[in-house]
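Okay, here's what each chain looks like letter by letter:
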Amino acid sequence: MSPGLEFVETHAEVAAARLDDASIHLWRLPYASSQRRAPLLALLGAYLGKPASDVALVQDTHGKPQLGDGDGGGTDGQQLEFNWSHSGDCALVALARGLALGVDIELVDRDLRSVEIAQRFFDPAEAEVIASLAPSARKRAFIGLWCAKEAVLKAAGEGLSFGLARLAFDRRTPMDWSLARVDPALGRRDDWRLAGFEAAPGYRGALAWRGARRRIAAFRPAA
């Protein structure tokens, strides 16, 4: 699934009022590593209706940040869930109510040992596809696959140590991959939703969740 996402310019407080249990909000933010979690905390604060300084995060056993107990509850009782990723000068943040999410963003133009990594860590069929491609196509395919794997594992609450070969994908387009097989520990394949997309010029993004389909609304901060 590769939706043609358009990141609409708006204010976080305006978008927050429209988040319901049938939607997912996806934000593209400008980012510098020196900011650490500041952009994430500011966005969460807007959705929670509190200053960024009052937003408390904890980490699960795999290092995934999440809101602390008692925080993030909406008027409908659904907990605000989020996930974020950053690469280069961009970050992606996904938010939803009552739904665990996974999101990843990667620079496409990176020098990677894609064949070596795929043969060592990926499903053999995936590694065969990667190795068969010309170098320019190989880089794009590898980044698309990496984003997809990262997004699903993060949504499942697992780290890379879970094993990248325990979920396998089929290549659909130069950068799009669909989930073909999943370890039983992650549930049924048909329960998973995956969206791959151009996150920004030169960046690939992926969003994953397990459950019913939801509308994806994409935003970027208003100037």
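To be clear, the structure that these remarks concern was listed above.
What counts, and where the lines are drawn
Residue numbers run consecutively from 1 along every chain, following the written order of its sequence. Per-residue local features are limited, in this predicted model, to residues with pLDDT of at least 70; the limit for side-chain atom pairs, both in listing and counting, is 80 or more; totals at the level of whole chains, interfaces and linings are taken over all residues. Heavy atoms throughout the structure, all of them, feed into the side-chain values; hydrogens and water do not. Numbered from the N terminus, helices here are DSSP runs of H or I no shorter than four residues, and strands are runs of E no shorter than two. Burial classes follow relative accessibility: with a 1.4 Å probe on protein chains only, a residue under 20% of its type's maximum area counts as buried, one over 50% as exposed, and anything between as partly exposed. The criterion used for residue contact is that any of the two residues' heavy atoms lie within 4.5 Å. Note on areas: Shrake-Rupley with a 1.4 Å probe; residue coverage comes only from the protein chains shown. Lines fitted to C-alpha atoms define the axes here, with helix axes fitted over just the stretch in contact, and angles between the N-to-C directions of these axes take values from 0 to 180 degrees. In these notes the angle categories are as follows: under 35 degrees is roughly parallel, over 145 is roughly antiparallel, 65 to 115 is roughly perpendicular, and the rest is oblique. Take the far helix as your reference; a near helix turned counterclockwise from it by less than a right angle gives a left-handed crossing, and one turned clockwise gives a right-handed crossing. Polarity classes work like this: nonpolar for Ala, Val, Leu, Ile, Met, Phe, Trp, Tyr, Cys and Pro, charged for Asp, Glu, Lys and Arg, and polar for all others, with Gly in that last group. His is not counted, nor are the chain ends; Lys and Arg add positive charge and Asp and Glu add negative charge. We define a salt bridge as a side-chain nitrogen of Lys or Arg found within 4 Å of a carboxyl oxygen belonging to Asp or Glu. The term polar contact refers here to a pair of N or O atoms within 3.5 Å; inside protein, the definition further demands a hydrogen-donor-capable atom paired with an acceptor-capable atom, and it admits residues adjacent in sequence only when both atoms are side-chain atoms. When DSSP finds two or more bridges between a pair of strands, those strands are recorded as paired. We call a pair of cysteine sulfur atoms a disulfide whenever their separation is within 2.5 Å.

Colleague: Please provide a residue-by-residue account of the overall build of the protein chain, values included.
Modeller: A tally of regular secondary structure across the protein chain gives five helices and twelve strands. With the C-alpha coordinates aligned to their principal axes, the bounding extent of the protein chain is approximately 50 × 40 × 30 Å. Expressed as a percentage of its 223 residues, the buried residues of the protein chain come to 49%. Sequence separation of at least 24 residues holds for 56% of the intrachain contacts in the protein chain that already meet a minimum separation of 6. Just so you have it, the protein chain exposes about 10,600 Å², and 48% of that area is on carbon and sulfur atoms.

Colleague: I'd like a rundown of the environment of Leu-67, residues and numbers included.
Modeller: Tracing the backbone through its elements, the reader meets Leu-67 in strand β4 (residues 65–67). The exposure class assigned to Leu-67 is buried, which follows from its relative accessible area of 8%. On a C-alpha basis, the gap between Leu-67 and Leu-95 in space is 12 Å, while along the polypeptide they are 28 residues apart.

Colleague: Would you mind going over the packing of helix α3 (residues 114–121) against helix α5 (residues 135–155) in detail, with residue names and values included?
Modeller: Direction vectors running N to C along α3 and α5 enclose 40 degrees, while the axes themselves pass 10 Å from each other. The angle between α3 and α5 falls in the class oblique. α3 and α5 meet at a crossing whose hand is left-handed. On α5, the residues touching Ser-114, Val-115, Ile-117 and Ala-118 of α3 are Arg-138, Phe-142 and Trp-146. Classifying every residue of the contact of α3 with α5 gives five nonpolar, one polar and one charged.

Colleague: Give a detailed account of unusual backbone geometry, specifying residues and quantitative values.
Modeller: Phi is positive for Arg-36, which is not a glycine, with a value near 50 degrees. Along the polypeptide, Arg-36 turns up in the loop between β2 (23–30) and α2 (38–48). Judged by its relative accessible area of 65%, Arg-36 is exposed.

Colleague: Now, about the side chain of Arg-193: what can you tell me, with residues and values included?
Modeller: Structurally, Arg-193 can be placed in strand β10 (residues 192–200). Look at Arg-193: it is buried, it has no salt bridge, and the nearest opposite charge is Asp-191 at 6.0 Å. Only 2.8 Å separates the side chain of Arg-193 from the backbone oxygen of Gly-211, close enough to count as a polar contact. Those residues in contact with Arg-193 that sit more than four places away from it in its chain are Leu-207, Ala-208, Trp-209, Gly-211, Ala-212 and Arg-213.

Colleague: Quick rundown of the sheet that holds β2? Include the residues and the values.
Modeller: The sheet built from five strands is open, its strands ordered β1-β12-β2-β6-β5 with mixed pairing. Among the strands making up the open sheet, the edge pair consists of β1 (8–10) and β5 (80–87). For this sheet, the mean inter-axis angle between neighbouring strands, taken without regard to orientation, is 30 degrees. Note: β1 against strand β12 (residues 215–221), three bridges, orientation parallel. Following the sheet pairing, Val-8 is matched in β12 by Phe-219.

Colleague: Got a sec to walk through the pairing of strand β9 (residues 177–182)? Specific residues and values, please.
Modeller: Note that strand β8 (residues 167–171) and β9 share five bridges and pair antiparallel. Paired with Phe-169 across the bridge in β9 is Leu-179. With antiparallel pairing between neighbouring strands as the criterion, β8 and β9 make up a hairpin whose turn holds five residues.

Colleague: Describe the state of the cysteines, and please don't skip the residues or the numbers.
Modeller: One pass over the structure, following the stated rule, counts zero disulfides. Here Cys-90 is not cross-linked by a disulfide; its sulfur's nearest cysteine counterpart is in Cys-147, at 12 Å.

Colleague: Give a description of the pattern of salt bridges that names residues and reports values.
Modeller: Scanning the entire structure with this criterion turns up ten salt bridges. Salt-bridge contacts for Arg-220 lead to Glu-9; the nearest nitrogen and oxygen are separated by 3.2 Å. In this pair, Arg-220 is assigned in strand β12 and Glu-9 in strand β1, connecting sequence segments 211 residues apart. Look at Arg-220 and you get partly exposed, because its relative accessible area is 31%. We classify Glu-9 as partly exposed; its relative accessible area is 42%.

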